[in-house]
Amino acid sequence: MHEPERGAHGSAHAKTILLGEHAVVYGRPAIAFPVRSLTLTAHARAVDGPLRLSTPYHHGSIAAVDDGTAPREEHLAEAALRHTLDALGVAHDGVDVTVTGRIPAARGLGSSAAVASAISVAVARLHGIDLTYEARFELVQFVERIAHGSPSGLDAHATMSPGPIRFESGVARPLVDTWLPPLVIADTGVAGHTAAAVASVRALRTTDKRGVDAAFDAIAALVEGAHTDLRTGDATALGARMNACHSILSDLGVSSPELDTLVDAAHTGGALGAKLTGGGQGGCVIALAPTPADVPALARSLTEAGARGVWPVNGGEEEAA
Ligand code: MEV
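The structure reproduced in this document is the subject of the present report. For clarity, every value in this text was computed on a predicted model and none was experimentally measured. (Residues numbered from 1 in each chain as written. Predicted model: local features only at pLDDT ≥ 70, side-chain atom pairs only at ≥ 80, totals over all residues. Heavy atoms only, no water.)

A few words on the site of the ligand. The ligand sits among 13 residues. The nearest are K15, H22, V24, S152 and D155. Within the backbone of H22, an N or O atom sits 2.9 Å from an oxygen atom of the ligand. The side chain of S152 places a nitrogen or oxygen atom 2.6 Å from an oxygen atom of the ligand. Contact with the protein chains removes 98% of the 300 Å² of surface that the ligand exposes when unbound. (Near = heavy atom within 4 Å. Polar contact = N/O pair within 3.5 Å; in protein donor to acceptor, adjacent residues only side chain to side chain. Areas by Shrake-Rupley, 256 points an atom, 1.4 Å probe, with all protein chains shown as cover.)

Encoded structure:
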């Protein structure tokens, strides 16, 4: 612990799930990558008077959050702020938090986890505390429970980890010395709500437990295979696994016409594989380019097919910026 500061900041990045979403909620493994081109930074300042909060999703006072007119991300930001103050054992006043940067909300990119992560670090630092990884994770998970109901913990870890991770049954491990596949994220522009998507899979499982568990096992096998592909750098095999995963996720009811359109466009644009990423029912797809040199053309095809935003991952970020 060091002397409290007048101002402090904390940052977090977006994430993309390569393989394993939904099945990961039921203890199966998943692999996720950081998206460093999409980041948020929270700036916390000591002020006289009540709490103040401003985020890219909404600008205004906490009162606007309380009156119910602010968007969902703003509620999550407020929850992160208040919960961090509770964890620090300090009063709910005297802090101004401004979050800058951009992670599109409700697109399966981890915006809710990143908002909470950035705010908790900034506010704790303002009070002279550098949160441990575990303490930060718990604060983010608190907010993720509000956002998603029963989050696996994957989003919280993936938005905090500097590199790719493999996550399983609550434990995140860094994937070291791995090949970094040249991926492109493309946004349908349609909001996806992870809580609703997770609930729909749960409902399907109550009517067909055997079928849904078999789907989760098939996804788990794809994750295991992908883990090997990442060690050997086998782009063709990884692409085929991504395609197979998208088709399983479609059968589970979490794709959408817009997601399928972008997956098709990715294939037309030369991708070796493509799938939805995150909760689905809206949000984004990820597509695998054959080589880093193919990323710009793949990104262009996705934009021409109607993607509202495209973000390269693992190389090509500078060209796209
Ligand atoms: C959401 O980004 C990923 C899901 O698997 C939910 C979770 O892991 O909590 C759909």
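The four strands lie next to each other as 9-10-8-11, forming an open sheet whose pairing is antiparallel. The sheet is open, and its two edges are formed by strand 9 (273–277) and strand 11 (309–313), each paired on a single side. Looking at each pair of strands side by side, their axes are set apart by 25° on average, direction ignored. Examined bridge by bridge, strand 9 and strand 10 (residues 284–288) share five bridges and lie antiparallel to one another. Bridge pairing in strand 10 places G273 opposite L288. Along the sheet face, helix 9 (residues 257–268) touches strand 8 (183–187), strand 9 and strand 10 and points at about 155° away from the line of strand 9. The sheet contacts of helix 10 (residues 295–304) involve strand 8, strand 10 and strand 11, and relative to strand 8 the element is tilted by about 15°. (Pairing = 2+ DSSP bridges. Helix = DSSP H or I, 4+ residues; strand = E, 2+ residues; numbered from the N terminus. Axes fitted to C-alpha atoms, helices over the stretch in contact; angles between N-to-C directions. Contact = heavy atoms within 4.5 Å.)

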